[in-house]
Amino acid sequence: MLFESWESKNYFPYTVELKLRQGEIYGSVSFEYPEPEIWLTKEYGVIGIDTNASPLHLAIAEVGSDGNLISYQSISLHELIGLPKNKKDNQEWLIAHKVIGIAKEKGKAIAIKDLKKVKKGYRGDGKAKLRKRLHNWNFRSLLSKIERIARLNGIEVIKVNSAFTSVIGSLKYAPQLNIDKD
């Protein structure tokens, strides 16, 4: 965008930051990126994403426009525990790009949990091991990255209430298909 604006003389505001670290110069450029129009909507179904602490993974379910399960998979997140913040952040971006790639390939919108509506009393079941895992992991960070990349790619993001999502999975899909409730 910077090169195109230079050639077309159609300028826009941006910020350049230069840092000197151990004799080397590092630079970063930041600017407002226009969000494209939403072109991939829930009309053809959605990719449902469920974050889970036990076991620590991202469950991905593809459902058709009629709400029936088409396919499912999971991405393990165990390798992210104990990583420094920068490495964990980078891995989260890579996972988010992978999820968006799946949504593009399947031609579906994305449905994620609305974690702002989860009450603090309902996070964890009181087990010390689960509380520690939840303390070391920030699901909101990963979901916000997925949401950001989806919007930049013109994919609709639907936020759903997280209440009863596992109950629906355990009643509707788990017994019939012999799969995990998530």
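Everything quoted here is computed from the prediction, not taken from an experiment. Along each chain, the written sequence defines residue order, and numbers are assigned to residues from 1. Totals for whole chains, interfaces and linings use all residues, but because this is a predicted model, local features are given only for residues with pLDDT of at least 70 and pairs of side-chain atoms are given and counted only at 80 or more. Note that the side-chain values use all heavy atoms of the structure and ignore hydrogens as well as water.

Caption draft 1: Geometry of the packing of aromatic side chains. Only centres within 6.5 Å qualify two rings of Phe, Tyr or Trp (six-membered ring in Trp) as a pair; their planes then separate them into stacked at under 30 degrees, edge-to-face at over 60, and tilted for everything else. A complete count under the given rule lists three aromatic pairs for this structure. Through a chain of ring-to-ring contacts, three or more aromatic side chains come together here, namely Phe12, Tyr14 and Phe31. Criterion for a charge above a ring: Arg CZ or Lys NZ at most 6 Å from the ring centre, at most 35 degrees from the ring normal. Above the ring of Trp6, the side-chain terminus of Lys9 is found at 5.2 Å from the ring centroid. Just above the ring of Tyr26 sits the side chain of Arg21; from NZ or CZ to the centre is 5.4 Å.

Caption draft 2: How the structure looks around the pattern of salt bridges. Salt bridges are defined as contacts in which a side-chain nitrogen from Lys or Arg sits within 4 Å of a carboxyl oxygen from Asp or Glu. Summed over the entire model, instances satisfying the criterion amount to nine salt bridges. A salt bridge links Glu62 to Lys106; the nearest nitrogen and oxygen atoms lie 3.5 Å apart. One end of the pair, Glu62, is in strand β4 (residues 56-63); the other, Lys106, is in helix α2 (residues 85-106), and 44 residues separate them in sequence. Between Arg151 and Glu147 there is a salt bridge, with its nearest N and O atoms 2.9 Å apart. Remark: Glu147 and Arg151 occur in helix α4 (residues 139-152); sequence separation between them is four residues, near one turn of the helix. Residue burial is assigned from relative accessible area. The probe radius is 1.4 Å, only protein chains are included, and a residue is buried under 20% of its type maximum, exposed over 50%, and partly exposed in between. Given a relative accessible area of 15%, Glu147 falls into the buried group. Counted as one network, the salt bridges with shared partners bring together Glu62, Lys106 and Lys108. Note on conventions: DSSP H or I runs of at least 4 residues are helices, E runs of at least 2 residues are strands, and numbering of each starts at the N terminus.

Caption draft 3: Geometry of the pairing of strand β5 (residues 69-76). Here β4 runs beside β5; their pairing, made up of seven bridges, is antiparallel. By the bridge assignment, His57 is partnered in β5 with Ser76. Think of it this way: DSSP has to see at least two bridges between two strands before they count as a pair. Hairpin connection from β4 to β5: five residues lie between these consecutive antiparallel strands, with Gly67 at a positive phi of about 90°.

Caption draft 4: Region of the structure containing the packing of α2 against α4. One way to put it is that α2 packs onto α4 with a least axis distance of 9 Å and a crossing angle of 50°. One element, α2, and the other, α4, form an angle in the oblique class. The interaxial crossing formed by α2 with α4 has right-handed handedness. In this structure, α2 uses Asp89, Glu92, Trp93, Ile95, Ala96, His97, Val99 and Ile100 to contact α4, whose residues at the interface are Ser141, Leu142, Lys145, Ile146, Ile149 and Ala150. Classifying every residue of the contact of α2 with α4 gives nine nonpolar, two polar and three charged. In this description, a line fitted to the C-alpha atoms serves as the axis of each element, helices being fitted only across the stretch in contact, and the angle between N-to-C directions of two axes falls anywhere from 0 to 180 degrees. Note on terminology: angles under 35 degrees are roughly parallel, angles over 145 are roughly antiparallel, angles of 65 to 115 are roughly perpendicular, and the others are oblique. Take the far helix as the reference: if the near one is turned anticlockwise from it by less than a right angle, the crossing is left-handed, and if turned clockwise, right-handed. By the convention used here, residues are in contact when the closest approach between their heavy atoms is within 4.5 Å. Throughout, the ten residues Ala, Val, Leu, Ile, Met, Phe, Trp, Tyr, Cys and Pro are labelled nonpolar, Asp, Glu, Lys and Arg are labelled charged, and all others, Gly among them, are labelled polar.

Caption draft 5: Spatial organisation of the pairing of strand β1 (residues 14-21). Bridge count for β1 against strand β2 (residues 24-31) is eight bridges, and the pairing is antiparallel. Along β2, the bridge assignment pairs Glu17 with Ser28. The antiparallel pairing of β1 with β2 creates a hairpin that spans two residues between the two strands, and Gln22 there sits at a positive phi of about 50°.

Caption draft 6: Structural detail: the nonpolar core. Counting 25 residues, the largest nonpolar core has Ile49, Leu58, Val99, Ile110 and Ile146 as the members making the most contacts within it. Elements with a contribution of two residues or more to this core: β3 (46-53), β4, α2, β6 (109-113) and α4. Throughout, nonpolar core names a set of buried Ala, Val, Leu, Ile, Met, Phe, Trp, Tyr and Cys residues whose side chains join them through atoms within 4.5 Å. Core analysis: the next-biggest nonpolar cluster, separate from the first, contains five residues, Val63, Ala109, Ala111 and Ile158 among them.

Caption draft 7: A look at the environment of Ile112. Structurally, Ile112 is set in strand β6. Taking the C-alpha atoms as reference points, Ile112 and Val157, 45 residues apart in sequence, are found 7.3 Å from one another. Those residues in contact with Ile112 that lie beyond four places of it in its chain are Ile49, Leu143, Glu147, Val157, Ile158, Lys159 and Val160.

Caption draft 8: Structural view of a nonpolar patch on the surface. A grouping of Met1, Tyr14, Val16, Leu18, Leu20, Ile25, Val29, Phe31 and Tyr33 is seen on the molecular surface, where their side chains present a nonpolar patch of about 950 Å² in accessible area. Going through the elements one at a time, β1 and β2 are the ones with two or more residues in the nonpolar patch. Tracing the sequence through the fold places Phe31 in strand β2. Only residues whose relative accessible area exceeds 30% and that take part in no salt bridge are eligible for patches, with like-charged residues grouped when within 9 Å of each other and nonpolar side chains (Val, Leu, Ile, Met, Phe, Trp, Tyr) grouped when within 5 Å. Computed with a 1.4 Å probe, the accessible areas rest on the Shrake-Rupley method; for each residue, only the protein chains presented here act as cover.

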